[in-house]
There are 2 protein chains.
Amino acid sequence: MSSHPASGNASLAALRAPFPASRRTYTEGTQPCVRVPVREIQLSTGECISVDDTTGAYGDPAVPIDLQRGLPALRTDWIAARSSAIPDAPRPAAHGGDALQRPPRRLHAGQTQLALARRGIVTPEMEWAALRERGSSHPRAEVTPEFVRGEIAAGRAILPVSVNHPEAEPMLIGRSFRVKVNANIGTSALGSGIEEEVEKLLWALRWGADTVMDLSTGKHIHATRDWILRNSPVPIGTVPLYQALENAGGVAEQLTWEVFRDTLIEQAHQGVDYFTIHAGLRLPFVPLTAQRITGIVSRGGAIMAGWCVAHHEESFLYTHFDEICELLAAYDIAISLGDGLRPGCTADANDEAQMAELRTLGELAERAWAHGVQVMIEGPGHVPLHLIEENMRAEERHCHHAPFYTLGPLVTDIAAGHDHIASAIGAAMIAWQGSAMLCYVTPKEHLGLPDKDDVRAGLTAYRIAAHAADLAKGLPGSRARDDAMSRARFEFRWRDQFALALDPDTAQRFHDATLPKEAAKSAHFCSMCGPRFCSMRISQQVRDFAAARGISPEDALHAGMAEKSAQFAAEGSQLYIPLHAETKENAQ
Amino acid sequence: MSSHPASGNASLAALRAPFPASRRTYTEGTQPCVRVPVREIQLSTGECISVDDTTGAYGDPAVPIDLQRGLPALRTDWIAARSSAIPDAPRPAAHGGDALQRPPRRLHAGQTQLALARRGIVTPEMEWAALRERGSSHPRAEVTPEFVRGEIAAGRAILPVSVNHPEAEPMLIGRSFRVKVNANIGTSALGSGIEEEVEKLLWALRWGADTVMDLSTGKHIHATRDWILRNSPVPIGTVPLYQALENAGGVAEQLTWEVFRDTLIEQAHQGVDYFTIHAGLRLPFVPLTAQRITGIVSRGGAIMAGWCVAHHEESFLYTHFDEICELLAAYDIAISLGDGLRPGCTADANDEAQMAELRTLGELAERAWAHGVQVMIEGPGHVPLHLIEENMRAEERHCHHAPFYTLGPLVTDIAAGHDHIASAIGAAMIAWQGSAMLCYVTPKEHLGLPDKDDVRAGLTAYRIAAHAADLAKGLPGSRARDDAMSRARFEFRWRDQFALALDPDTAQRFHDATLPKEAAKSAHFCSMCGPRFCSMRISQQVRDFAAARGISPEDALHAGMAEKSAQFAAEGSQLYIPLHAETKENAQ
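Residues numbered from 1 in each chain as written. Chains lettered and ligands numbered in written order. Predicted model: local features only at pLDDT ≥ 70, side-chain atom pairs only at ≥ 80, totals over all residues. Heavy atoms only, no water.

> Give me the lowdown on the overall build of chain A, citing residues and values where you can.
Each helix and strand counted, chain A has 23 helices and 15 strands in total. Sorting the 588 residues of chain A into buried and exposed places 67% on the buried side. Taking the contacts inside chain A whose residues are at least 6 apart along the sequence as the reference set, 73% of them involve residues at least 24 apart. For chain A, the computed accessible surface area is about 17,900 Å², with 53% contributed by carbon and sulfur atoms. (Helix = DSSP H or I, 4+ residues; strand = E, 2+ residues; numbered from the N terminus. Buried < 20%, exposed > 50% of the residue type's maximum accessible area, 1.4 Å probe, protein only. Contact = heavy atoms within 4.5 Å. Areas by Shrake-Rupley, 256 points an atom, 1.4 Å probe, with all protein chains shown as cover.)

> Describe the sheet that holds strand β14 (residues 404-407) of chain B, listing the residues and the values that go with them.
Residues and elements named next belong to chain B. Overall, parallel pairing links the eight strands, which are arranged β8-β9-β10-β11-β12-β13-β14-β15 in a closed barrel. Averaged over all adjacent pairs, the angle separating strand axes in this sheet is 25 degrees, with direction ignored. By the bridge criterion, three bridges tie strand β9 (residues 211-214) to strand β10 (residues 236-238) in an arrangement that is parallel. Among the inter-strand pairings, V212 is bridged to a residue of β10, identified as I236. Sheet strands in contact with helix α13 (residues 352-370) are β12 (334-337) and β13 (375-379), and its direction is about 165 degrees off that of β13. (Pairing = 2+ DSSP bridges. Axes fitted to C-alpha atoms, helices over the stretch in contact; angles between N-to-C directions.)

> Mind laying out the side chain of B:E199, listing which residues take part and the relevant values?
Tracing the backbone shows B:E199 in helix α6 (residues 194-206). A polar atom in the side chain of B:E199 sits 3.2 Å from the side chain of B:K452. (Polar contact = N/O pair within 3.5 Å; in protein donor to acceptor, adjacent residues only side chain to side chain.)

> How would you sum up the packing of helix α8 (residues 240-247) of chain B against helix α9 (residues 257-270) of chain B? Please name residues and give values.
All names here are of chain B. With their axes 9 Å apart at the nearest point, α8 and α9 run at an angle of 125 degrees to one another. Taken as axis vectors, α8 and α9 run oblique relative to one another. For the crossing formed where α8 meets α9, the hand is right-handed. Contacts between α8 and α9 pair P240, L241, Q243, A244 and N247 from the former with V259, F260, T263, L264, E266 and Q267 from the latter. (Parallel < 35°, antiparallel > 145°, perpendicular 65-115°, else oblique. Left-handed = near helix turned anticlockwise from the far one by under 90°.)

> Any chance you could break down the sheet that holds strand β1 (residues 22-28) of chain B for me, citing the residues and the numbers?
All names here are of chain B. In space, the three strands of this open sheet follow the order β1-β2-β3, with antiparallel pairing throughout. Strands with a single pairing partner mark the edges of an open sheet, and in this sheet they are β1 and β3 (48-52). The sheet shows a mean angle of 40 degrees between the axes of neighbouring strands, taken without regard to direction. Direction of pairing for strand β2 (residues 35-42) relative to β3: antiparallel, over a ladder of five bridges. Residue pairing for β3: I41 is matched across the bridge by I49. Its contacts with the sheet put helix α17 (residues 479-490) on β2 and β3, and the angle it makes with β3 is roughly 140 degrees.

> Give a detailed account of the pattern of salt bridges, specifying residues and quantitative values.
Per the stated rule, a full pass over the model turns up 71 salt bridges over all chains. We note a salt bridge from A:R261 to A:D262, for which the minimum N-O separation is 3.4 Å. A salt bridge links B:R367 to B:D322, with the shortest nitrogen-to-oxygen separation between them at 3.2 Å. Remark: B:D322 occurs in helix α12 (residues 321-329) and B:R367 occurs in helix α13; sequence separation between them is 45 residues. Among the residues examined, B:R367 registers a relative accessible area of 22% and is labelled partly exposed. Each of A:R175, A:E389, A:R393 and A:E396 takes part in a single network of salt bridges with overlapping partners. (Salt bridge = Lys/Arg side-chain N within 4 Å of Asp/Glu carboxyl O.)

> How would you sum up the nonpolar core? Please name residues and give values.
Counting 289 residues, the largest nonpolar core has A:F260, A:I377, B:F260 and B:I377 as the members making the most contacts within it. Sequence-distant contacts of A:F260, defined by excluding residues within four places in its chain, comprise A:P240, A:L241, A:A244, A:I277, A:F316, A:L317 and A:I324. (Core = buried A, V, L, I, M, F, W, Y, C linked by side-chain atoms within 4.5 Å.)

> I'd love a proper account of helix α4 (residues 124-133) of chain B, names of residues and values included.
With ten of its ten residues buried, α4(B) lies for the most part within the structure. For α4(B), the set of buried residues is B:P124, B:E125, B:M126, B:E127, B:W128, B:A129, B:A130, B:L131, B:R132 and B:E133.

> How would you sum up the environment of B:R282? Please name residues and give values.
All names here are of chain B. Looking at the secondary structure, you find R282 in the loop between β11 (274-277) and α10 (299-311). Residue classification places R282 among the partly exposed residues on the basis of a relative accessible area of 23%. Separated by 35 residues in the primary sequence, R282 and L317 have C-alpha atoms spaced 8.9 Å apart. Beyond its immediate chain neighbours, meaning those up to four positions away, R282 contacts E314, Y318 and T360.

> Mind laying out the packing of aromatic side chains, listing which residues take part and the relevant values?
As enumerated under the stated definition, the model contains 16 aromatic pairs over all chains in all. Measuring from centroid to centroid gives 5.9 Å for B:F147 and B:F177, while their planes differ by 70 degrees, and the two rings are edge-to-face. Of the two residues, B:F147 sits in helix α5 (residues 145-153) while B:F177 sits in the loop between β7 (173-174) and β8 (180-185), which places them 30 residues apart along the sequence. By relative accessible area, B:F147 is classed as partly exposed at 26%. Classification of B:F177 as buried rests on a relative accessible area of 0%. An angle of 80 degrees between the planes, with centres 6.0 Å apart, marks the rings of B:W203 and B:W207 as edge-to-face. Judged by its relative accessible area of 11%, B:W203 is buried. Overall, B:W207 belongs to the buried group, its relative accessible area being 4%. Within the aromatic cluster, the residues linked to one another by ring pairs are A:W257, A:F260, A:W307 and A:F316. (Phe/Tyr/Trp six-rings, centres within 6.5 Å; stacked < 30°, edge-to-face > 60°.)

> Talk me through α6(B); I want residue IDs and the actual numbers.
Residue and element names in this part refer to chain B. Between the first and last C-alpha of α6 there are 18 Å, a value that for 13 residues agrees with the 18 Å anticipated at 1.5 Å per step. Where burial is concerned, most of α6 is hidden: eleven out of the 13 residues are buried. When α6 is considered as a whole, its buried residues turn out to be I194, E197, V198, E199, K200, L201, L202, W203, A204, L205 and R206. G208 lies just past α6 and shows a positive phi near 95 degrees. (Expected span 1.5 Å × (residues − 1).)

> Give a detailed account of the pairing of strand β2 (residues 35-42) of chain A, specifying residues and quantitative values.
All names here are of chain A. Among the eight residues of β2, six are classified as buried, and the element is accordingly described as predominantly covered. In this structure, strand β1 (residues 22-28) lies alongside β2, joined through seven bridges in antiparallel fashion. Bridged to R24 within β2 is R39. Between β1 and β2, which pair antiparallel in sequence order, lie six residues; one of them, C33, sits at a positive phi of approximately 70 degrees. Where β2 folds back on strand β3 (residues 48-52), the antiparallel hairpin that results is connected by five residues, among which G46 adopts a positive phi of roughly 95 degrees.

> A description of the environment of A:A484 should follow, citing residues and the corresponding values.
Residues and elements named next belong to chain A. Of note, A484 is situated in helix α17 (residues 479-490). When its relative accessible area of 1% is taken as the criterion, A484 is described as buried. The spatial distance from the C-alpha of A484 to the C-alpha of E47 is 8.7 Å, given a sequence separation of 437 residues. Residues contacting A484, with those up to four places away along its chain left out, are L43, E47, I49 and L500.

As structure tokens, then:
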């Protein structure tokens, strides 16, 4: 074992610690081994709110975890039935666990989730993913396995778990489902190592990443990916061009189709679940960027533009697209069609370069579907608020409703240091309009490499944006947690509020900063108005006043005013919070 | 001098330190003493971006500042011409500076900005405010003083600077102008003192508050306000009901019109610029809240609902509304019609309670206008994304296009600890739809009292939201700073990027965390891709390649492919960043 990520244990401990008042349960399916993790938030009222749980085996205290061995390969049996081992494939040297003993596999023909869905087959993965989407206390009756199958067959959703990532738990990316969030991690030439990236993976799982992209460049790119894959219960995406460039000596002109293809095979054998491939950036589109303020900002896009200009040839990703698809179909790797010409500033948004590429992505989506390959479409970038809806509509029109996977967008360019906020605004908007997955942006965007704090800040901002979109789309069940939180607020159930928050730690820490004592957790006031006067309390008293008299609040006000007024005045002190010894103690 | 806020000096030093590459200049008007502060950001290219500057005298290194004496009373002469002193008014005992020597004043009849605007008079305040709105490098040609006068006369904008706050610099709140941001500060029964609040005021000015509301409750409410007013160059708002409640012994039933009126007069004499008054919460609307999840969450709303229910009488704020307006007209205090029935959770948004009150606010706006009182309308609260536009349209329809002043709205209820983000999403949306001023929400919302860090975090999130809305509304000039930032990014002018950022400190700190050395400030790469490969750099090279040959990028690609390809390949290494000694040094 060359480099054991021992320091991953810090994040590991955090990841394995349950959130307050939460416990891991499972929803069992009808097919064998379909056992979907659910986080149950247990409230002091006895009520229970179930939420999706992306932490896999880490979230189950009964499962032993060993980062060197990797996670349990829960999809092994399903995969075995559809695939054959490739016994002579070279094995990676970087990882010493069980996974190493497992040779990579190839699917038999016509066995991708898309191909199966089209033939009317509901796979165990589809049933699993359907149960996951129903994992809320107000189940979405319509999210049946058959509904999921139909969405995948129509290309409106993808289920990106590859044949060589049996540790991954099935999930869906599609506009009919909960909006998902991707977290980017990865080493770069300037810093970060394998241990740090495994830490970030675990940390990203803690804060709710639905998928993780490993964007490593520089050294140890293969080994880093191996560690990430073997320890990830969520789908892993990559941009294979980054490694292909390393393999070509870092010189874009020296890239060849063969180098790229070999990289795809290497990563396919490792088990990457989806590949970002910038095949829509064609030679004729490069000049369209010349008048832009920020030209080409996608790294993959810039590499391919450099290659196209150097060779004065059409992109090999475009000319070899069918071969790419054949290869991906053999491993059920989804393709995320990269937007190499995404705008790098609000001024460049929705320009002809972007739209020309988007139309090409639509053409490529149809070609990929013909090969049975699942497809999503990547989107901007930087887009001012008023152009976001137009962007989404263009994607639907040109790309035939393939799931849109958007980076932000950032709605202003001047928020450096806070671009997780500037982009969460755009992300919420575009997700409401239909984007299926949001690629997070951290506070370090444009400035530096994200550390663990940045990963957490980015994910938190994006979970807020994604959930806001789910609410606005009216997804049944999406309101349950909000409404439970609102009731807990109204009733001053502080511990329930912390438990229901997306970030319970911060919520409790902020509360305790003003009211640190234990008794304040059950105090019927909050620090904003103090103990003597509280609007929520008065609302409750107004309501109680009506209820105690067995009359509706309407009646209480419109009938018998004089009599009731006298009564109420006599009990007037009940309108305000008695200064109990307990609350006095906390009023500092 | 009872309590000198000496510790205010920490924030004071921060406030007085210029932002990087920035200097204070002034734009002179045609009327006497119209001299509008502007912050000029000087870029390394020689370009200069002018941005609005809310720091008043603090931002001018040539002006001595003494918190005990207060700011220069710059509007004294203009006010003198329209008003008379009230020599026998009681003087506050809490403040020892020059301002103490100045008796409060009352306007002569018909001298409010609204009354003057209607008579076709362009006041110096209007000219000042117009110049402020033009204070960008792409002047809005149409924002003339006459245009400003017209907007005020029509009630579509307010210029909230009262007769007794001569230190305040004129500014506009209206949908034709830049979206403004308000920061709430204020002592509460549980903590915080005068010194801390003055610190927060100065800190809020540093981070761009356009107005500040002093929501103090508890002790020293008068003295705190005095300190804040005498040291604030931005308009100050209050909720007079909070102090009236203190004056009524903290018991809502014991509130009377007389106690409330006396509070208004006291605060009018001190110089408050706008009052939030919850006069639209009428007795018949209270029962409409009984079925809500969170009832009444506005503190002012809850106080008045408590009063109405206790007395079974119509709200004295509603029945005495004309007297309130007469009083406000005498000091040119704007009225911010409070939304006592704003929704406290997304489930309660846009319900009949909220709409009934909103219609009443529209009726009251017309009554206030009849008295020459400037009006804005307060709005929610908690609203899911898909109901925000409906909210804005309802305000316009019912309130006759009076400026909308919205708190958030929060687009989900489960973001406790990060509600500045959850609400910045809603704030950007509603401001794009037309809201004129955004009341910030800090990360401590729902949990505790905001400290200085929270004030900064809230303001930063809201400046992002407000600016995103300005961009989306297409306000001429709003793009200049973004485009300058984008050009600086493309050209790797790091220092220019820091200077142009809304928060230069954080931008530089984050950059330096990855690339701390001085030379990295001019390095032609960023830490995301490292020195060896950079998309921006490649874009530039693609562009340079075309330009060097005297041909358009289009031609470079479509004509003479073979010859140019050979040329380009020979110069291939130029596509990538040479690893100069300098950059190597920084590649750690």
